[in-house]
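Single-letter residue listing:
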Amino acid sequence: MEIGFIGLGSMGGPMSRRLVEAGHKLTVFDTRKEAMEPLLKLGATAARSPADVADRVETVMTSLPSLDIGLKVATGDDGLIRGNRVRRYVDLSTTGSRAAIKTAEILKERNIVQIDCPVSGGVAGAEKGTLAVMVSGPKEEVEPLRSALEVFGKVFYCGDKPGMAQSMKLANNFLSATGMAASCEAIAMGVKAGLDPSLMCDVINAGSGMNTATTQKFPRSVLPGTFDYGFGMALMVKDVRLFLAEAQDYGIPIEVAQAVGKLWEKALAEHGPTSDFTEIAKTVEKGAGIQMRAPKK
């Protein structure tokens, strides 16, 4: 299948590579030429702009870091909306349903179908092809893409309306953010009481408190003190903010979400947007006066 791919960062890079390795013919674009080079070596073709990508293929996928960039790439002066061949826009980014609905309405005027397709599973999942792939859009437009989307991981069709997959992704990421924030506070309490944080993770993971923070994020990034899980602080805070906004739109009580959001905002202020999201543990450590590190053997 001929596919255009825009945005070759930490997620887009490995996802586009998997498409090429699966035999799809890829046309790629990124503002950083060095990001395109590994794909070109594998046989992909470089484009000069999003509009150029959309002139060459009917299906364009994007993996972009922010709402503003996504809107510009889709509908800007040199955006894919200016292309003459594009018919499907597959947005792999997390933008929230508000942005998805807005973009879909603009693209519809040019007979371009938007397919929301946010993914979950992090960089490791993107590299291994084990992502959760959430999709919404007209089923007759989604089904022809299924074999390509399955290259990324397990595909879940969420519905036919714009934004439905985005709502699913925000719910997932809010739970991930909550698990990380709550785990930091729980383990900090135990360390303050004299417990070994590594032991705490082992016990929690054998019990009912198990979550991805205690099974993956703490053992890999917090306990060794590397803080290199590979997902940016600003991206996590963006997702939490989007969840809060959407929940408010629907009139959902958000007492827990507001508390979680407050802690993530504090971590962002302390460590900066480019820090790893696991550095929220440092914010909790600072308040508790302890460190949650694995004992040196």
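Every value quoted in this text rests on a predicted model; they were computed, and no experiment measured them.

1. Focus on the pattern of salt bridges
Now for step 1: Summed over the entire model, instances satisfying the criterion amount to 13 salt bridges.
Now for step 2: The salt bridge partner of Asp239 is Lys238, with a shortest N-O separation of 3.7 Å.
Now for step 3: Taking the relative accessible area as the measure of exposure, Asp239 reaches 3% and is therefore buried.
Now for step 4: Through salt bridges with shared partners, a single ionic network connects Glu2, Lys25 and Arg85.

2. Some words on the packing of aromatic side chains
Now for step 1: Throughout the structure, instances matching the rule amount to 4 aromatic pairs.
Now for step 2: Residues Tyr229 and Phe277 carry aromatic rings whose centres are separated by 5.7 Å and whose planes lie at 75° to one another, so their mutual orientation is edge-to-face. Taken together, the residues Tyr229 in the loop between helix 11 (212-222) and helix 12 (233-249) and Phe277 in the loop between helix 13 (255-271) and helix 14 (280-288) connect sequence positions 48 residues apart. As far as burial versus exposure is concerned, Tyr229 and Phe277 are alike and both buried.
Now for step 3: Measuring from centroid to centroid gives 5.7 Å for Phe231 and Phe277, while their planes differ by 85°, and the two rings are edge-to-face. You can see Phe231 sitting in the loop between helix 11 and helix 12 and its partner Phe277 sitting in the loop between helix 13 and helix 14, a full 46 residues away along the chain.

3. A few points about the packing of helix 9 (residues 164-192) against helix 11
Now for step 1: Following both chains from N to C, one finds helix 9 and helix 11 inclined at 65°, their axes separated by 9 Å at the closest point. One finds that helix 9 runs roughly perpendicular with respect to helix 11. Where helix 9 crosses over helix 11, the handedness of that crossing is right-handed. Residue-level contacts link Ser176, Gly179, Met180, Ser183, Cys184 and Ile187 of helix 9 to Thr212, Ala213, Thr214, Lys217, Phe218 and Val222 of helix 11.
Now for step 2: Tallied by class, the residues present in the contact of helix 9 with helix 11 amount to 6 nonpolar, 5 polar and 1 charged.

Rules used in this analysis
Residues numbered from 1 in each chain as written. Predicted model: local features only at pLDDT ≥ 70, side-chain atom pairs only at ≥ 80, totals over all residues. Heavy atoms only, no water. Salt bridge = Lys/Arg side-chain N within 4 Å of Asp/Glu carboxyl O. Buried < 20%, exposed > 50% of the residue type's maximum accessible area, 1.4 Å probe, protein only. Phe/Tyr/Trp six-rings, centres within 6.5 Å; stacked < 30°, edge-to-face > 60°. Helix = DSSP H or I, 4+ residues; strand = E, 2+ residues; numbered from the N terminus. Axes fitted to C-alpha atoms, helices over the stretch in contact; angles between N-to-C directions. Parallel < 35°, antiparallel > 145°, perpendicular 65-115°, else oblique. Left-handed = near helix turned anticlockwise from the far one by under 90°. Contact = heavy atoms within 4.5 Å. Nonpolar A, V, L, I, M, F, W, Y, C, P; charged D, E, K, R; others polar.

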